[in-house]
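# Coordinate analysis (summary)
As a plain string of letters, each chain reads:
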Amino acid sequence: MDRRDFGELVATLREELGWTQAELAQAASLEESAVSIIERGARKHFDAELIYRLANTLQLTTLERREFLLAASGVDESHARFRTGTSGNSAWDAERTVQHLTQRVEHLRFPAYLIDCYGEIVAANAAAMDLFQVPIERARELADTPAGLTLLHFLYGEGMALRAAVIQNWEGLAVAGIRTFREATLRYRGQPYFKYLLKRLRNPRFYPTFERYWRKSTILDQDRFSTLNVLSYVDNIHGPLNYCVSTLTLTTPSGELSLAHCIPLDEQTSTAFRAIVDRMGVRAFRFASWPEKRMH
Amino acid sequence: MNRVEFGELIATLREDLGWTQAELAELLELNVSTISNIERGTKRHLDPQLLFNLAQALQLTHGERQQLYLAASALDEVKMMRPTNGYSPDQVIGPSQKLEQLLQIAARLRIPCFLVDVYQEVVAANAIIAELFKFRAERVDELRKIPGALTVLWLIQSEGQLVGPAVTERWEAFAINNMRLFRESSLRYRARPYFKYLMKEFRNPTKYPGFQRYWRLASTLGPDEESRLNEYTYSHPEYGRLSYHVFSSLSATRHGELYLYQLVPTDEHTTDVFEALARDSGDHVIRMAPWPDKPME
């Protein structure tokens, strides 16, 4: 990410908090002109203290600030990520990578899914869709709805079954969903496609409760330092569920893909997952397009 | 990591390739004095092009590069953590508290798992994996005395008769992959005395034949992200044919990352075996390598 993109990222993160440049400057003990220079991409050097102050002021969690530091290094990812040595990346094929990862998702015996750097579900196994209570056909239709294939849509979208199905600790699940989304997307928040998704999610007509939790997720004073996410809630079909979502992030020339899978934390959840797989079979489905993104 | 530590890191990476400052300078088309300034920590600003060229010249994999760029931010490890009060670095979740949280998760997971640190030393293993690989907790004290014996690769060599078939069927891929993980997770720590202490052992060909070769291979092979998804299928003498993927997830602490490796079943039989082990072996973990303090003999 070059300095210009980094500037746009800082501006986006500031705007997400609803602040003016003057307010950010004051909170970070900087001159207002310094903020403007950073956001225009005109600042060349970032020393440690400045980055630290920005990260704190922008209320980034530990996992988010790692992404922020990578963004601030200024190295252009398009060639930095992949060595141009002997093998190069000329042979890299996005479709082949997605197919390969979809196969992995298919064979896992737990609910598993693949999300991209915008938090969109690129593929999921049948067990995951059953756990989210989204029928496959319904999910296919959601491809035409902006943000329809994010986990957040399943959680916050009007008329989505999952929202009604969770009868205890919906809030824990809802906040975890947002925080995972925040980490996965951090370096892409300045991108038009992310802004397009977020604008939709923040529209109370479509997602009446999203805004409240979006705000809440940044000011929560506990940190997020681990990609492991322990979830504990009660739903209307399985009763109490206790599982850990583990996420493995793979870097590709078109941004990260994260493979998430749900590991049971007690015998009852093991049994529930087992029953889901027996009923749904071992299958996987492709959903959001990747890497091309289309805005409606 | 401040600039002085970053300088030491660059010097270590350069020496690992057997180069002089002059040789690195020539490759980067820079003055030797610039390299010398970087290594002494007196060059304050490292612009993006220089960082990229350094990573390129030092032949880093992209996982290693990410660690190098984090190191180049010049932020102290503790400042890479979010302060819970918003501003002050002394208000971060402490390492022992984080370790405790991870151990609790490891104890509850219904699949085999183990936790490793930046040196790929096994900090803890859950009861399921200990049972699967017949690892005896009594061995820990003994292994702690042997430098490097609690790292993943060498544990498998010395203790892993049962993992044997899984590994020997594809030894080359397994060894390279492990070495790549070792290289990537340790990158920011290469100039640390403990890393050098481990490397001194590993580089002894009578103790660790093949180390040098795989160490090199892991950095010179092309990028292959998909190989990060390691799949195993083999016959376990007691539990029959097992199929699983090995996944890892990252947790950030001021003493470096901790990675939880999980064996995730990919068929019905393996799912049953793991679930039966979870029922029988109880929900506890075996503490292995010391962390965060790393005593040297």
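From a predicted model like this one, the values you see are computed outputs, not experimental measurements.

Calculation criteria
Residues numbered from 1 in each chain as written. Chains lettered and ligands numbered in written order. Predicted model: local features only at pLDDT ≥ 70, side-chain atom pairs only at ≥ 80, totals over all residues. Heavy atoms only, no water. Helix = DSSP H or I, 4+ residues; strand = E, 2+ residues; numbered from the N terminus. Contact = heavy atoms within 4.5 Å. pLDDT = per-residue confidence, 0-100. 1 Å grid on protein atoms, 1.4 Å probe; cavity = no way out; pocket = protein on both sides within 12 Å on 5 of 7 lines; lining within 4 Å. Points joined across faces, edges and corners; volume = space filled by probe spheres on them. Nonpolar A, V, L, I, M, F, W, Y, C, P; charged D, E, K, R; others polar. Salt bridge = Lys/Arg side-chain N within 4 Å of Asp/Glu carboxyl O. Buried area = accessible area lost by both parts, 1.4 Å probe. Polar contact = N/O pair within 3.5 Å; in protein donor to acceptor, adjacent residues only side chain to side chain. Pairing = 2+ DSSP bridges. Buried < 20%, exposed > 50% of the residue type's maximum accessible area, 1.4 Å probe, protein only. Axes fitted to C-alpha atoms, helices over the stretch in contact; angles between N-to-C directions.

### As for the environment of B:Ala72
Residue and element names in this part refer to chain B. Positionally, Ala72 belongs in helix H5 (residues 62–72). The spacing of Ala72 and His45 is 27 residues in sequence and 9.4 Å in space, taken between C-alpha atoms. In this view, Ala72 contacts Arg3, Phe6, Leu46 and Leu51; residues no more than four positions away in its chain are not counted.

### Side note on the confidence of the model for chain B
Low pLDDT marks regions whose predicted coordinates should not be analysed in detail. Here chain B averages 89 in pLDDT, and 93% of its residues register 70 or above. The complex model carries a pTM of 0.93, and its ipTM stands at 0.91.

### Considering the layout of surface pockets
Quantified by volume, the largest pocket comes out at close to 680 Å³. Lining the largest pocket are 26 residues, with A:Gln222, A:Arg224, A:Leu228, A:Asn229 and A:Val230 positioned closest to its centre. Broken down by secondary-structure element, the contributors of at least two residues to the lining of the largest pocket are helix H12 (170–185) and strand E4 (229–235) of chain A together with helix H6 (95–108) of chain B. Residue classes in the lining of the largest pocket are distributed as twelve nonpolar, eight polar and six charged.

### With respect to the pattern of salt bridges
With the rule as written, the count across this model stands at 44 salt bridges over all chains. A:Glu171 is paired through a salt bridge with A:Lys216; the nearest N and O atoms lie 2.7 Å apart. Of this pair, A:Glu171 sits in helix H12 while A:Lys216 is found in helix H14 (residues 210–219), placing the two residues 45 residues apart along the sequence. A single salt-bridge network, built from bridges that share partners, covers A:Arg109, A:Arg274, A:Asp278, B:Glu268 and B:Asp272.

### Re the interface of chain A and chain B
By a frequent convention, interface size equals the accessible area lost on bringing the separate parts together. At the interface, 69 residues of chain A touch 67 residues of chain B. Roughly 6,100 Å² of surface becomes buried between chain A and chain B when both sides are summed, with 59% attributable to carbon and sulfur atoms. The salt bridge involving B:Glu268 is made with A:Arg274; its shortest N-O contact spans 2.9 Å. At the boundary of chain A and chain B, one finds 16 residue pairs in polar contact (both at pLDDT 80 or more). At the level of elements, helix H4 (48–57), helix H5 (62–72), helix H6 (77–80), helix H7 (94–107), strand E5 (239–250), strand E6 (257–264) and helix H15 (267–280) of chain A are the ones that each hand at least two residues to the side of chain A that touches chain B. At seven residues, the largest contribution of residues to the side of chain A that touches chain B is made by E5(A). Split into classes, the residues belonging to the side of chain A that touches chain B amount to 25 nonpolar, 27 polar and 17 charged.

### Concerning the pairing of strand E3 (residues 230–236) of chain B
Residues and elements named next belong to chain B. In the sheet, E3 pairs with strand E4 (residues 240–251) via seven bridges, with the strands oriented antiparallel. Bridge pairing in E4 places Asn230 opposite Val246. Between E3 and E4, which pair antiparallel and follow one another directly, the connecting turn spans three residues.

### So, the side chain of A:Thr102
Residues and elements named next belong to chain A. Counting through the fold element by element, Thr102 comes out in helix H7. Relative accessible area serves as the criterion here: at 9%, Thr102 is assigned to the buried category. When near neighbours in sequence (up to four residues on either side) are disregarded, Thr102 contacts Ala123, Ala284 and Arg286.

### Examining the sheet that holds strand E7 (residues 284–286) of chain A
All names here are of chain A. The strand order across the open sheet built from seven strands is E3-E4-E5-E6-E1-E2-E7, with neighbouring strands paired in antiparallel fashion. Each edge of the open sheet carries a strand with a single partner, namely strand E3 (166–168) and E7. Within the sheet, the average angular offset between the axes of one strand and its neighbour, ignoring direction, is 35 degrees. Of the pairings in the sheet, the one linking E4 to E5 comprises seven bridges and is antiparallel in character. By the bridge assignment, Tyr233 is partnered in E5 with Leu241. Against the sheet, H7 touches strand E1 (112–116), strand E2 (121–125), E5, E6 and E7, its axis set at about 150 degrees to E7. The sheet contacts of H15 involve E5 and E6, and relative to E5 the element is tilted by about 75 degrees.

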